[in-house]
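Listed below are the residues making up each chain.
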Number of protein chains: 2
Amino acid sequence: MAVIDIANAPVKTGSIYPAPYAAEMAGRWSIRLGEAGGLTQFGVNIVVLAPGAKSSLRHWHLNEDEFVIITEGTCTLVDDDGRHEMSVGACAAFPAGVANGHHFINETEDEARFLVVGTKAPHEIATYSDIDLVLEVRDGAATFTRKDGTPCEGDSK
Amino acid sequence: MAVIDIANAPVKTGSIYPAPYAAEMAGRWSIRLGEAGGLTQFGVNIVVLAPGAKSSLRHWHLNEDEFVIITEGTCTLVDDDGRHEMSVGACAAFPAGVANGHHFINETEDEARFLVVGTKAPHEIATYSDIDLVLEVRDGAATFTRKDGTPCEGDSK
């Protein structure tokens, strides 16, 4: 069945970020549309942001293209060029390897949603612009390190 | 600049289908968002359908995943399972290699739009379900044949 049953699609909550960063992700969850539809070459998710929530820590991808279209409410894109208010239908693209750290935050009093598409590369490195953190994903296994390569097991301070 | 300037994004009109099929594509055009944003790993387009227009001849992809979300108006998805009316926010997925021929038609009196994402595979074969036509794309070069592999230069009958 090609039409996706959105109401019954898998939902992802929480965050894999090490402490203390995971706690910053409260109010964000996602609906896994690509997974629901059997896609494997790129991910497609609806990201839901409660008022005050953010999509991620500000980051950029080495090997994966990323595309976003706002589908509900208003989000503020924060990237290296500044702040950009985006409403329904507005789109943004983040080509692989362009070191433009970005995330979306909901600064309104209403829920906001966007659809995000990202390539599923066998090897990926995401670099976090504002903190000393790097994520490496190899064949689905995720490892966080500091930018000098030392392990990051989380810091509960 | 990550935010895409949709008003100035490249637009594609017309069709590469051989005659007489190209004439069936009147009233369809697309806005090349991924190209505008510098993406290379997957295509992202807004497909605009005037009343009565169709997105393509009914087809399926051998090597490329495809995803659609309706962004304006109402479209009817026609695939091997039948007819499915889809309004804004409804989504469909077509995994690579699943022989489910599909297209979208606008049976309303208002313009309809959807966003479509498709992997850019180096080698792709699209098979057209209802007619004797196959499209092979290798490194960007497109060749149409009949299903037995003989060339198809178009038929003006």
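Our structure is the block above this text.
All figures in this text were calculated on a predicted structure; none of them were measured in a lab. (Residues numbered from 1 in each chain as written. Chains lettered and ligands numbered in written order. Predicted model: local features only at pLDDT ≥ 70, side-chain atom pairs only at ≥ 80, totals over all residues. Heavy atoms only, no water.)

Trainee: What am I meant to see in the overall build of chain A here?
Mentor: Across its full length, chain A holds 1 helix and 13 strands. Listing every helix and strand of chain A by position from the N terminus yields β-β-α-β-β-β-β-β-β-β-β-β-β-β. Against the 2.2 N^0.38 benchmark of 15 Å for 157 residues, chain A shows a C-alpha radius of gyration of 15 Å, consistent with a compact globule. Taking the principal axes of its C-alpha atoms as reference, chain A extends roughly 45 × 35 × 30 Å. Across the 157 residues that make up chain A, the buried fraction comes to 48%. Working note: accessible area of chain A is about 7300 Å², and carbon and sulfur atoms make up 50% of it. (Helix = DSSP H or I, 4+ residues; strand = E, 2+ residues; numbered from the N terminus. Rg over C-alpha atoms; globule rule 2.2 N^0.38 Å. Buried < 20%, exposed > 50% of the residue type's maximum accessible area, 1.4 Å probe, protein only. Areas by Shrake-Rupley, 256 points an atom, 1.4 Å probe, with all protein chains shown as cover.)

Trainee: Help me out: how do you make sense of the relation of the copies chain B and chain A in this one?
Mentor: Both copies of the chain are related through a single rotation about an axis accompanied by a shift along the same axis. The two copies are related by a screw motion: chain B maps onto chain A through a turn of 180° and a shift of 0.0 Å along the axis, at an RMSD of 0.0 Å. Expressed as an axis order, the relation between the two copies is that of a two-fold axis. An overlap of 100% is found between the interface residues of chain B and their copies at the interface of chain A, pointing to a shared contact surface. (Least-squares fit on C-alpha atoms with pLDDT ≥ 70 in both. Contact = heavy atoms within 4.5 Å.)

Trainee: How should I be thinking about the pattern of salt bridges in this particular structure?
Mentor: Two side chains with opposite charge may pair up if their charged atoms get near one another. With the rule as written, the count across this model stands at 14 salt bridges over all chains. Here Glu24 of chain B makes a salt bridge to Lys54 of chain B, at a shortest N to O gap of 2.8 Å. Placement of Glu24 of chain B in the loop between strand S1 (11-12) and strand S2 (28-32) and of Lys54 of chain B in the loop between strand S3 (42-49) and strand S4 (59-61) is noted, with a sequence separation of 30 residues between them. For Arg58 of chain B, the salt bridge is made with Asp80 of chain B, and the minimal N-O distance between the two is 2.7 Å. Placement of the pair is Arg58 of chain B in the loop between S3 and S4 and Asp80 of chain B in the loop between strand S6 (74-79) and strand S7 (82-87), with a sequence separation of 22 residues. A residue is classified by how much of its surface remains accessible, and Arg58 of chain B, at 14% relative accessible area, is buried. Taken together, the shared-partner salt bridges connect Arg58, Asp80 and Asp130 of chain A into one network. (Salt bridge = Lys/Arg side-chain N within 4 Å of Asp/Glu carboxyl O.)

Trainee: Sorry, what's going on with the interface of chain B and chain A here?
Mentor: When the parts of a complex come together, some accessible area is lost, and that lost area is often used as the size of the interface. Chain B puts 37 residues into the contact, and the matching count from chain A is 37 residues. Taking both sides of the interface into account, the surface hidden between chain B and chain A amounts to around 2600 Å²; carbon and sulfur atoms contribute 70%. In this assembly, chain B and chain A are joined by 0 salt bridges. Where chain B touches chain A, the interface holds 12 residue pairs in polar contact (both at pLDDT 80 or more). Elements represented by at least two residues in the side of chain B that touches chain A include exactly S3, strand S5 (66-72), S6, S7, strand S8 (91-94) and strand S10 (112-119) of chain B. Broken down by class, the residue content of the side of chain B that touches chain A amounts to 21 nonpolar, 11 polar and 5 charged. (Buried area = accessible area lost by both parts, 1.4 Å probe. Polar contact = N/O pair within 3.5 Å; in protein donor to acceptor, adjacent residues only side chain to side chain. Nonpolar A, V, L, I, M, F, W, Y, C, P; charged D, E, K, R; others polar.)

Trainee: Help me understand the sheet that holds S2 of chain B in this model?
Mentor: Two strands in a sheet stick together by hydrogen bonds in their backbones, pointing the same way (parallel) or opposite ways (antiparallel). All names here are of chain B. The strand order across the open sheet formed by 6 strands is S1-S2-S3-S10-S5-S8, and the pairing between neighbours is antiparallel. Each edge of the open sheet carries a strand with a single partner, namely S1 and S8. Bridging between S1 and S2 involves 2 bridges; their strand directions are antiparallel. By the bridge assignment for S2, Lys12 is matched with Ser30. (Pairing = 2+ DSSP bridges.)

Trainee: Before we go on, may I ask you to explain the state of the cysteines in this structure?
Mentor: Each disulfide consists of one covalent bond between the sulfur atoms belonging to two cysteines. Residues and elements named next belong to chain B. Per the counting criterion, the structure on display carries 0 disulfides over all chains. Cys75 takes part in no disulfide bond, and the closest cysteine sulfur, belonging to Cys91, lies 12 Å away. Relative accessible area serves as the criterion here: at 0%, Cys75 is assigned to the buried category. (Disulfide = S-S within 2.5 Å.)

Trainee: How should I be thinking about the pairing of S2 of chain B in this particular structure?
Mentor: If a strand is regular, its side chains alternate between the two faces of the sheet. Here 5 bridges tie S2 of chain B to S3 of chain B, and the two strands are oriented antiparallel to one another. Among the inter-strand pairings, Ser30 of chain B is bridged to a residue of S3 of chain B, identified as Val47 of chain B.

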